[in-house]
Every structure is written in C-alpha cells, then in structure tokens.
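# Coordinate analysis (summary)
Below, each chain spelled out in residue letters.
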Amino acid sequence: MGKGKMQHKHRNYDDENSWACGNWFEFLLVVALAIILLVGALVLVLFWVLYYRQGFAWTENPTLEFNLHPVLMIAGFITFSGFSMLLYRIGRCCRRIYVKLFHTIFHALAVPCVVVGFIAVLDSHNLANPPIRNFYSLHSWMGFVTMGLFALQFVVGFFSFLILLCCENATAGFRASLVPIHATFGILTFMLAVATCLTGLTEKAFLTPGLFYSFMTEEAIIINALAMTLVASAIVMAYALLREGFRYSGHILVSVQSEM
C-alpha cells in the first residue's frame, strides 16, 4: 500500500551572487539613508521638545503633556513602523520566520507609543483652561485614518502570518495571497503617517504663541528640518521597499509529496 512521505528540498535563488559592486553600493546606501532618516526624525523631535518646548509632564501640566504627542507619534508611526518594514530588506541572511517575528515586534513597540500619544493630546485639550476642541482639524481626521489603517494592518498581519502558521500547509495559499495586499497597505499607512505628521507640525507652528514661525526663528528652522527629514524618509523608504532588485528570494524551502 502506498504511503505518502514528505520531503523537503532547498532551492537556492542566490540573487546576491549576480549582484555587481554597483548593486551592493546602491543597496547599502539606500538602507543606510533610511536608517539615518528614521532615527534622525526621532532625534530631531526630541531635541525640539526638550530644548524649545520645556520637555514633558503628565496631567498636572497639560501644555507639557502635549509634548508627548509628537514624540510618541513619530516614534511609533515613523521610526518603529519604518524599521518593521525595512527589516524585509536588511534581513537578507535571516530565515523568513525570524524576519516576520521581528517585524511583528517592531509593530508591537509602536502600539503603546500611538496609544499614549493619542491619550496625551486628548488630555492636553480637555484639561486646558479653557478646554480646546477635539477632532476639528484636518490633522486630527488624517490621524484617525492613519490609526485605523495601522490597527487593521497589525491585526491582519498578526493573525495571517503568525497565528495561521500553526496550520502552515493548509493556509499557505491564503497567506500568499495576502502578502501583496499587506505590503501595499503598509507602505500606504507609512506615507499617510508622514503626511499626518506634516499637517500636525504646520498646525503647531502657526498656532503656538511666541513661536514666530513667519520670522524663521531657530525653533522654526528646527521644525522645518524635522518636516524635511520626514519627507526624505518617505522618499527613501518608498524607493527601498518598491525597488524590485532589493527583494531577496534567498533560500526557499519547498515541500515535495512523493509516493512510496
């Protein structure tokens, strides 16, 4: 009586051997720029808040509590989320499951940043004297859409690429069909997050008393530098993620069913 036996073979699609020095230079340059910009955006917003906006507080000082909002939102939506996507380009020597695991970890690190940042801006508005209206600006509406897409991405990614691995063979086709959708919406969410940050910085620059944005003070220059860093990160990240040559096919495990 025939008995099925599962054999595993490694098919090696070693694209790296065919790369010239120019390809490696381009790849390393783009990845290095992306890392510098993702970290640089967080460093700049921290410098702005600590040096020009007197740092942080909680509910005892609503004005300083607001400062948590730009720092945590940039940390969550830009730095952590950016690194979570960039891992699929820099994790070329790692097994796919490890890359997915660290991708999820970086997204999980972004969640508390977004939640606390959202609470901080609500508190700073509600506890102000007089209270400030919520959810009236374009920035707040774009923020809602960004948070909704981010939450949807996290839930879909977690269940489809980690939970469903317990029945890997049965769900392989379903998970494969979700990959391009998940990747596309991940890039769209990042771009929308950058646009939301830009509207927030513009709103803060024009509505903050004593900032004198139109006179191009030192603080105004820092705000503009932060905004341009965010724009540059969007451009470089889009290039790194959409450049077909940067996709790594590596070692793919293929299951072959044979009859004995």
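Residues numbered from 1 in each chain as written. Predicted model: local features only at pLDDT ≥ 70, side-chain atom pairs only at ≥ 80, totals over all residues. Heavy atoms only, no water.

### Brief notes about the layout of surface pockets
Taken as a whole, the second largest pocket spans an internal volume of roughly 970 Å³. Lining of the second largest pocket is provided by 41 residues; of these, Phe 66, His 69, Val 121, His 125 and Glu 203 occupy positions nearest its centre. Listed by contribution, the elements that provide at least two residues to the lining of the second largest pocket are helix H2 (62-66), helix H3 (68-90), helix H4 (96-126), helix H5 (138-161) and helix H6 (168-207). Per element, the largest residue contribution to the lining of the second largest pocket is eight residues, and it comes from H6. Residues belonging to the lining of the second largest pocket are distributed by class as follows: 22 nonpolar, 15 polar and four charged. (1 Å grid on protein atoms, 1.4 Å probe; cavity = no way out; pocket = protein on both sides within 12 Å on 5 of 7 lines; lining within 4 Å. Points joined across faces, edges and corners; volume = space filled by probe spheres on them. Helix = DSSP H or I, 4+ residues; strand = E, 2+ residues; numbered from the N terminus. Nonpolar A, V, L, I, M, F, W, Y, C, P; charged D, E, K, R; others polar.)

### Examining the environment of Gly 82
Locating Gly 82 in the fold gives a position in helix H3. Placed 44 residues apart in sequence, Gly 82 and Leu 38 show a C-alpha to C-alpha distance of 6.8 Å. Once you skip the residues sitting within four places of it in the chain, Gly 82 turns out to touch Leu 38, Phe 77, Phe 190 and Met 237. (Contact = heavy atoms within 4.5 Å.)

### Considerations on the UniProt feature "transmembrane region" (unreviewed entry) in the chain
When the UniProt feature table is mapped to this numbering, "transmembrane region" (unreviewed entry) covers residues 27-51, 71-89, 101-121, 141-166, 178-201 and 221-242. Within residues 71-89, the helical portion is 100% and the strand portion 0%, while the C-alpha atoms at the span's ends are 26 Å from each other. (UniProt positions renumbered as here; feature names shortened; annotations may be inferred.)

### Digging into the packing of aromatic side chains
Tallied over the full model, the rule gives 15 aromatic pairs. Among the aromatic side chains, those forming a connected cluster through ring pairs are Trp 24, Phe 27, Tyr 239 and Phe 246. (Phe/Tyr/Trp six-rings, centres within 6.5 Å; stacked < 30°, edge-to-face > 60°.)

### Digging into H3
At Ala 75, H3 shows its maximal bend, which comes to roughly 35°. Of all the 23 residues making up H3, 20 are buried; the element is thus mostly covered by neighbouring parts of the structure. (Bend = angle between axes of the 7 residues up to and from the residue. Buried < 20%, exposed > 50% of the residue type's maximum accessible area, 1.4 Å probe, protein only.)

### Concerning a nonpolar patch on the surface
On the surface, Ile 97, Tyr 98, Leu 101, Phe 102, Ile 105 and Leu 109 cluster together to form a nonpolar patch covering roughly 530 Å² of accessible area. Position of Ile 105 relative to the elements: it lies in helix H4. Using a relative accessible area of 38% as the deciding quantity, one classes Ile 105 as partly exposed. (Patch = residues over 30% accessible without salt bridge, like charges linked within 9 Å, V, L, I, M, F, W, Y side chains within 5 Å. Areas by Shrake-Rupley, 256 points an atom, 1.4 Å probe, with all protein chains shown as cover. Salt bridge = Lys/Arg side-chain N within 4 Å of Asp/Glu carboxyl O.)

### Side note on the nonpolar core
Within the largest apolar cluster, 44 residues are counted, with the highest numbers of intra-cluster contacts made by Trp 48, Ile 74, Ile 78, Leu 226, Leu 230 and Met 237. The set of elements that each furnish at least two residues to this core consists of helix H1 (21-52), H3, H4, H5, H6 and helix H7 (218-242). Counting residues in each nonpolar core, the second largest holds five residues, with Leu 68, Leu 72, Cys 113 and Ala 120 among its members. (Core = buried A, V, L, I, M, F, W, Y, C linked by side-chain atoms within 4.5 Å.)

### Points about the pattern of salt bridges
Applying the stated criterion to the full structure yields two salt bridges. For the salt bridge of Arg 243 with Glu 26, the shortest nitrogen-to-oxygen distance reads 2.8 Å. Taken together, the positions of Arg 243 in the loop between H7 and strand E2 (251-259) and Glu 26 in helix H1 put the pair 217 residues apart, joining distant regions of the chain. Owing to a relative accessible area of 19%, Glu 26 belongs among the buried residues under this scheme. In this structure, Glu 219 and Arg 53 form a salt bridge, with 2.8 Å as the shortest nitrogen-oxygen distance. Pair noted here: Glu 219 is in helix H7 and Arg 53 is in the loop between H1 and H2, with a separation of 166 residues, a long-range link. Comparing Glu 219 with Arg 53, the two get one shared label, buried.

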